[in-house]
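Residue strings, one per chain:
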Amino acid sequence: MPKATRILPPSPYHNLSAGDLVDRLGALKAELGGLQAQEKALRDEMIRRGSSSLDGAVYSATITEAVRWTLDTAVVRAKMGTDWYDAHYRQSVVTTVAVKARPVVAQLAA
């Protein structure tokens, strides 16, 4: 019996060249950087005001503090030994897409 073939719909970006994809992602990341700076400034101001709850016309915010536990892996490796450490840590594959302005474009923008 023939095996069914799964047909995937085309990506909304299928008609863009690789260069266009890079340029769009770079521009979006630059825009996000500015938005993240604004987000941090607004967040810091809310924390500075000292309230645990703030209400706007559309959104509300709560501010809480929590303890975050982190593990100093260098110390664990030193105390337990590399063999023990290697036997107990988990690995996973991570795909990273790094985008940066090309030197020519950066010079033109300056």
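Above: the structure in question.
Throughout what follows, the structure given in this document is the object of discussion. Since the model is a prediction, treat every value here as computed from it, not as a measurement.

**Points about the overall build of the protein chain**
Okay, so step 1: Check the secondary structure of the protein chain and you find four helices and two strands.
Okay, so step 2: In sequence order, the protein chain lays out its α and β elements as α-β-β-α-α-α.
Okay, so step 3: Scaling as 2.2 N^0.38, a compact globule of 110 residues should have a C-alpha radius of gyration of about 13 Å, whereas the protein chain reaches 24 Å, well beyond that.
Okay, so step 4: The buried share among the 110 residues of the protein chain stands at 3%.
Okay, so step 5: Counting only carbon and sulfur atoms, one obtains 57% of the accessible surface of the protein chain, whose full area is about 11000 Å².
Okay, so step 6: Across the protein chain, 14 positive and 11 negative side-chain charges occur, with their mean positions spaced 5 Å apart.

**Points about helix α1 (residues 18-48)**
Okay, so step 1: Between the first and last C-alpha of α1 there are 44 Å, a value that for 31 residues agrees with the 45 Å anticipated at 1.5 Å per step.
Okay, so step 2: Following α1 by one or two positions, glycine 50 has its phi on the positive side, about 80°.

**As for the pattern of salt bridges**
Okay, so step 1: Here the structure, examined in full by the defined rule, presents four salt bridges.
Okay, so step 2: Linking aspartate 44 and lysine 40 is a salt bridge whose minimum nitrogen-to-oxygen distance equals 2.6 Å. Highlighted residues: aspartate 44 and lysine 40, both in helix α1, separated by four residues, approximately one helical turn.
Okay, so step 3: Of the residues examined, aspartate 44 reaches a relative accessible area of 31% and is grouped as partly exposed.
Okay, so step 4: Measuring nitrogen to oxygen at the nearest pair gives 2.9 Å for the salt bridge that ties arginine 49 to glutamate 45.
Okay, so step 5: Judged by its relative accessible area of 60%, arginine 49 is exposed.
Okay, so step 6: Overall, glutamate 45 belongs to the partly exposed group, its relative accessible area being 25%.
Okay, so step 7: One salt-bridge network, held together by shared partners, links Lys40, Arg43 and Asp44.

The rules behind these values
- Residues numbered from 1 in each chain as written.
- Predicted model: local features only at pLDDT ≥ 70, side-chain atom pairs only at ≥ 80, totals over all residues.
- Heavy atoms only, no water.
- Helix = DSSP H or I, 4+ residues; strand = E, 2+ residues; numbered from the N terminus.
- Rg over C-alpha atoms; globule rule 2.2 N^0.38 Å.
- Buried < 20%, exposed > 50% of the residue type's maximum accessible area, 1.4 Å probe, protein only.
- Areas by Shrake-Rupley, 256 points an atom, 1.4 Å probe, with all protein chains shown as cover.
- Lys, Arg positive; Asp, Glu negative; His and termini not counted.
- Charge placed at Lys NZ, Arg CZ, Asp CG, Glu CD.
- Expected span 1.5 Å × (residues − 1).
- Salt bridge = Lys/Arg side-chain N within 4 Å of Asp/Glu carboxyl O.

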